[in-house]
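# Fold and geometry: a report
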Amino acid sequence: MCAETKKKPSKTAKPSSPAGPAKTHDTTGAKSDARQSSPRCVTADVTAQAQAAQAARAAPRPSVAARRVDVTDLILARAPRPRTICAACGAPEAKAHCGNCRLAYCGARCQRRHWKSGGHRDRCDDVRRIGLDQYVANAQANAARERAVATYVAEAATAACGFCGKGGQLLRACDGCEAGAGFFHLECLAAYAATVAARDGARSERFQPWFACRACGDDFRGVGRLAVAREAWRVYNGLHPTDLHRVFAMNNLGDALGAMGLHRECLPVREDELAVGRVHFPNHTPQIEANLARCHTQLGNYAEALRLRRSVVAALQKREGPLSRMSLEAARGLANALGDAAETEEQRAVLRQLWPRMRRALGDAHATTLSCGAKLAHALVEKGHACSDSVIAEAEDILWECLEAARDGGADDDVTADALEKSLEETRRLYLAEEADDDGDKFT
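Description of the structure in this document.

Basis of the calculations
Residues numbered from 1 in each chain as written. Predicted model: local features only at pLDDT ≥ 70, side-chain atom pairs only at ≥ 80, totals over all residues. Heavy atoms only, no water. Salt bridge = Lys/Arg side-chain N within 4 Å of Asp/Glu carboxyl O. Helix = DSSP H or I, 4+ residues; strand = E, 2+ residues; numbered from the N terminus. Buried < 20%, exposed > 50% of the residue type's maximum accessible area, 1.4 Å probe, protein only. Expected span 1.5 Å × (residues − 1). Contact = heavy atoms within 4.5 Å. Phe/Tyr/Trp six-rings, centres within 6.5 Å; stacked < 30°, edge-to-face > 60°. Lys NZ or Arg CZ within 6 Å of the ring centre and 35° of its normal. Polar contact = N/O pair within 3.5 Å; in protein donor to acceptor, adjacent residues only side chain to side chain.

## With respect to the pattern of salt bridges
When their charged atoms lie close together, side chains carrying opposite charge are able to pair. The full count for this structure, using the stated rule, is 19 salt bridges. The partner of R129 in a salt bridge is D126, and the shortest N-O contact between them spans 3.8 Å. A residue pair is termed a helical-turn pair when its members lie 3 or 4 positions apart in one helix, as R129 and D126 do in helix 6 (residues 120-130) at three residues. Accessibility expressed as a relative area gives 62% for R129, which makes it exposed. Owing to a relative accessible area of 38%, D126 belongs among the partly exposed residues under this scheme. When the shortest N-O distance is used, the salt bridge between D175 and R221 registers 3.6 Å. Taken together, the positions of D175 in the loop between helix 7 (132-151) and helix 8 (186-197) and R221 in the loop between helix 9 (203-206) and helix 10 (222-236) put the pair 46 residues apart, joining distant regions of the chain. By sharing partners, the salt bridges in this structure join R83, D133 and D272 into a single network.

Dropping the structure here:
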């Protein structure tokens, strides 16, 4: 009976593969496979997966930017000067740098911590390969795009890209298109801009896709404009400083940052633009200096803004002449900078020279001429400064001449004339108040 008894095959034994060499199996692994193949374990795994999925659905979803941009990229994207900010803690004016990729750090402690747990180990070679400036431009472009996409996520739910007709990460940057229209992918816009740039045409036309909507023609604005400007800078940042697309992209980025009120971020862009302009585009240096002066004014750096305004006026008057439109606008900016810096006497002197020049060059009824005359009158009787009767009379005469010119010349609207009449009445009241004080002094 024992001879006739046959061994039954083991339930856990697996037939060997008919082709190929036999593989060795670990006993522990076989037991683990047996446990995993158990119906009870499978049910427990499915239950655990279902509970995890339900918990994930119940948890609040992070923002779009938090899902797509890591901490280091956010630090660099939000920094006014990313080249000198610590990539680990975000502290400004970091003095140390990574020897390989040149990311800035406070010191060895921040660098070691960032290398171990901050992701620097994974990105160091990539940053070195593309360059720190390009890496920062990519981080800033990604952050700006995610912000714009999050802004229009509700409106873009049923919209489609105006270039490819698909949905997804859509944004818009104009107000002229109807509701549900004007959306696009930044990648599609960049591809279209590259096609337009390859055509023959004027320089401004080749960069037009980055400025205005293709559908309605309105200029870009808001967070969409900033996202487009960041993307353009990401695309053209690596080109030679004399490349016109890079020049246009840098200027467009500065304008977008200034329009959004991000003057601290705009300042280094304008400074880099001025450094390039002085070397390669000296004829455009006055305009760049004027933009930089405007940025300093918004930040409250009135002394630096005044220095730049003086430089602009001197350069333009020497090159264009004192009566050119550019020189007159520069002198007007200088007068405003003098007022911001509380240089009242010099402001009066500049405006006394500027107003007659504007009358000769632009005409008595021109809006800029009328504005300059009103500015001069206000500077003469500015509050907080002692005014003589002759000065008040001079301000009254200037305002009266401006009012007569506005009425006779047919100003664009009645707002200018009404403002001049109001200023004239205020000056007359000041004159009467001064006379009353003088009369009171005589009888005391």
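## Here we look at helix 10
Each full turn of the α-helix corresponds to 3.6 residues, which orients residues three or four apart in the same direction. Over its 15 residues, helix 10 extends 22 Å from the first C-alpha to the last, a length consistent with the 21 Å expected when each residue adds 1.5 Å. Listing the buried residues of helix 10 in full gives V223, G224, L226, A227, V228, A229, R230, E231, A232, W233 and Y236. Packed against the buried residues of helix 10 are helix 7, helix 8 and helix 11 (244-259).

## Here we look at the packing of aromatic side chains
One pass over the full model with this rule turns up eight aromatic pairs. Between W210 and Y236, the ring centres sit 6.0 Å apart and the planes meet at 80 degrees, which makes this aromatic pair edge-to-face. Linking W210 in the loop between helix 9 and helix 10 with Y236 in helix 10, this pair joins segments that are 26 residues apart in sequence. This pair shows no difference in class: W210 is buried, exactly as Y236 is. Geometry around F183 places R172 over its ring, the cationic atom sitting 5.3 Å from the centre. Across the ring face of Y192, the terminal group of R214 is positioned such that the distance to the ring centre comes to 5.1 Å.

## Focus: the side chain of T369
Within the secondary structure layout, T369 lies in helix 17 (residues 367-380). In this structure T369 comes out as buried when scored by relative accessible area, which is 1%. Polar side-chain contacts of T369 include one of 3.4 Å to the backbone oxygen of M358. Look past the residues within four positions of T369 in its chain and what remains in contact with it is W355, M358, R359, L362, G363 and D364.

## As for the side chain of H263
With respect to the element layout, H263 can be found in helix 12 (residues 263-280). The buried category is assigned to H263, whose relative accessible area is 17%. For H263, the residues in contact, after removing those within four places along its chain, are G258, C295, Q298 and L299.

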